[in-house]
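Now for the letters of each chain:
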Amino acid sequence: LEPGELTNGWRSKPKGWLAKQYTKHRDHVTSNVPPAQLLVFNVKQGWEPLCKFLEKPVPDVPFPHAKVNDTRSLRRLRKVFIGLAYAWIPVCAATFVSLAIVVRRRLKKSAA
């Protein structure tokens, strides 16, 4: 792979290319890292396998981000990002209108 191809160039690749790269990387890692030093982990599994691998006690608090990547959460996050991306438009419009009103009033006062 060329540098940055996974982060920038994947959109121009054929369907399934990114999944194939993920599988290739995963297979490379699992075949080269000793099993005792590798944890193949899904956050949906929670604390248990992670703490066991690290030889640490399981905390009494819920596992963070257990539902961050579900479809509902990602759609909600997308809406927030879109809202923030367009939030500057009404702010700029309100600023422009306010500035126009202030300038107009000052011009009227100076003409009087």
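Located above this text is the structure these notes cover.
Residues numbered from 1 in each chain as written. Predicted model: local features only at pLDDT ≥ 70, side-chain atom pairs only at ≥ 80, totals over all residues. Heavy atoms only, no water.

1. Some words on the overall build of the protein chain
- A count of helices and strands for the protein chain gives five helices and zero strands.
- Along its sequence from the N terminus, the protein chain presents helices and strands in the succession α-α-α-α-α.
- By the burial criterion, 6% of the 112 residues in the protein chain qualify as buried.
- For the protein chain, the centre of its 20 positive side-chain charges and the centre of its 7 negative side-chain charges are spaced 22 Å apart. (Helix = DSSP H or I, 4+ residues; strand = E, 2+ residues; numbered from the N terminus. Buried < 20%, exposed > 50% of the residue type's maximum accessible area, 1.4 Å probe, protein only. Lys, Arg positive; Asp, Glu negative; His and termini not counted. Charge placed at Lys NZ, Arg CZ, Asp CG, Glu CD.)

2. Points about the layout of surface pockets
- The space that makes up the largest pocket amounts to roughly 200 Å³.
- Lining the largest pocket are Tyr22, His25, Arg26, Val29, Thr30, Leu38, Leu39, Val40, Phe41, Asn42 and Gln45.
- Its residues assigned to classes, the lining of the largest pocket shows six nonpolar, four polar and one charged. (1 Å grid on protein atoms, 1.4 Å probe; cavity = no way out; pocket = protein on both sides within 12 Å on 5 of 7 lines; lining within 4 Å. Points joined across faces, edges and corners; volume = space filled by probe spheres on them. Nonpolar A, V, L, I, M, F, W, Y, C, P; charged D, E, K, R; others polar.)

3. Describing the packing of helix H4 (residues 71-86) against helix H5 (residues 88-111)
- Between H4 and H5, the shortest axis-to-axis distance is 5 Å and the interhelical angle comes to 20°. When the axis of H4 is compared with that of H5, the two are roughly parallel. Here Leu84, Ala85 and Tyr86 of H4 lie close against H5, whose contacting residues are Trp88, Ile89 and Pro90.
- Its residues assigned to classes, the contact of H4 with H5 shows six nonpolar, no polar and no charged. (Axes fitted to C-alpha atoms, helices over the stretch in contact; angles between N-to-C directions. Parallel < 35°, antiparallel > 145°, perpendicular 65-115°, else oblique. Contact = heavy atoms within 4.5 Å.)

4. Looking at the side chain of glutamate 5
- Considering the arrangement of structural elements, one finds glutamate 5 in helix H1 (residues 5-9).
- What makes glutamate 5 buried here is its relative accessible area of 15%.
- There is a polar contact of 2.8 Å between the side chain of glutamate 5 and the side chain of lysine 13.
- Sequence-distant contacts of glutamate 5, defined by excluding residues within four places in its chain, comprise Trp10, Lys13 and Trp17. (Polar contact = N/O pair within 3.5 Å; in protein donor to acceptor, adjacent residues only side chain to side chain.)

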